[in-house]
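Overview (structure and organization)
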Amino acid sequence: QVQLVESGGGLVQPGGSLRLSCAASGSIFSVNAMGWYRQAPGKQRELVAVIHSSGNTNYRDPKKERFTISRDNAKNTVYLQMNSLKPEDTAVYYCNADGWSEDRNWFDYWGQGTQVTVSS
C-alpha cells in the first residue's frame with residue numbers, strides 16, 4: 001500500500017553531480033525516516049544517508065560532505081544531492097522509507113532502485 005518512486009539516476013562523468021528524488025505515496029499516516037542506500041556489484045547494500053522526521057541526518061561518511069540528504073515532509077519526498085562524484089560511487093541506489101500506515105501498522109518499504117554510473 002506504500003509506493004516509493006525514484007528518479008534522477010543516470011550516467012555522469014567523474015566530478016559531476018546528480019540529484020536523486022524519491023516520493024512516498026499510498027496509505028501513509030506518517031513517515032519517520034527516509035534514506036538512501038546503495039549496492040555495487042559484489043558488495044553488500046550500504047547506507048548512504050538517512051534523514052529523520054526531525055530533520056536530523058546521519059551519513060555513512062559524514063566528514064566527506066559530498067552528499068546531502070534533504071526532505072520535503074509535505075510531499076513525503078526525500079532527495080540526495082550528490083556532488084564531486086567518483087567512479088566508486090557507481091551503484092544501484094535504493095530509496096527507503098519507514099513509518100506508520102493509515103491502519104497504524106509499521107511499514108518499511110524500498111524503492112525499485114535507480115542506477116548511478118560514474119564514468120568517463
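The structure this text deals with has already been given above.
In this text the structure is predicted, and so the values were computed from the model without any measurement. Per chain, residues are indexed from 1 in the order of the written sequence. Per-residue local features of the predicted model are confined to residues with pLDDT of at least 70, and side-chain atom pairs are confined, for both listing and counting, to 80 or more; whole-chain, interface and lining totals are unaffected and use all residues. With hydrogens and water stripped out, all remaining heavy atoms of the structure feed into the side-chain values.

Time to look at the overall build of the protein chain. Working definition: helices are DSSP H or I runs of at least four residues, strands are E runs of at least two. Numbering for both runs from the N terminus. Counting its secondary structure elements, the protein chain contains zero helices and eleven strands. Listing every helix and strand of the protein chain by position from the N terminus yields β-β-β-β-β-β-β-β-β-β-β. Atoms counted for the radius of gyration: C-alpha only. Globule rule: 2.2 Å times the number of residues to the power 0.38. Computed over C-alpha atoms, the radius of gyration of the protein chain comes to 14 Å, within 12% of the 14 Å expected from 2.2 N^0.38 for 120 residues, which places it in the range of a compact globule. Expressed as lengths along the three principal axes of its C-alpha atoms, the size of the protein chain is roughly 50 × 25 × 25 Å.

Pairing within the open sheet is antiparallel, and its four strands lie in the order S1-S3-S8-S7. Edge positions in the open sheet fall to strand S1 (2–7) and strand S7 (67–72), since each of these has one partner strand only. Taking each pair of neighbouring strands and ignoring which way they run, the sheet shows an average axis angle of 15°. As paired elements, strand S3 (residues 18–26) and strand S8 (residues 77–82) share six bridges and run antiparallel to each other. Bridged to Ala23 within S8 is Thr77. Here, strands pair whenever DSSP counts at least two bridges between them. To obtain each axis, a line is fitted to C-alpha atoms, and for helices this fit is confined to the stretch in contact; angles are then taken between N-to-C directions over 0 to 180 degrees.

With that settled, consider unusual backbone geometry. In this structure, Asn76 takes a positive phi of about 50° despite not being glycine. If you trace the backbone, Asn76 turns up in the loop between S7 and S8. Its identity is not glycine, yet Arg104 carries a phi of approximately 70°, on the positive side. The exposure class assigned to Arg104 is partly exposed, which follows from its relative accessible area of 48%. Throughout this description, buried means an accessible area under 20% of the type-specific maximum (1.4 Å probe, protein chains only), exposed means over 50%, and partly exposed covers the range between.

Right, let's talk about the packing of aromatic side chains for a bit. Pairing of aromatic side chains requires ring centres within 6.5 Å, counting the rings of Phe and Tyr and the six-membered ring of Trp. Pairs whose planes differ by under 30 degrees are stacked, by over 60 edge-to-face, and all others tilted. All chains considered together, the criterion is met by three aromatic pairs. Ring centres 5.3 Å apart and planes at 75° place the aromatic pair Trp100 and Trp106 in the edge-to-face group. A relative accessible area of 39% places Trp100 in the partly exposed class. A relative accessible area of 44% means that Trp106 is categorised as partly exposed. Charges are assigned to positions over rings by a cutoff of 6 Å between ring centre and Lys NZ or Arg CZ, combined with an angular limit of 35 degrees from the ring normal. The ring of Tyr94 is capped by Arg45, whose NZ or CZ atom sits 3.8 Å from the centre of that ring. Between Arg104 and the ring centre of Phe29, over which it is positioned, the NZ or CZ distance is 3.9 Å.

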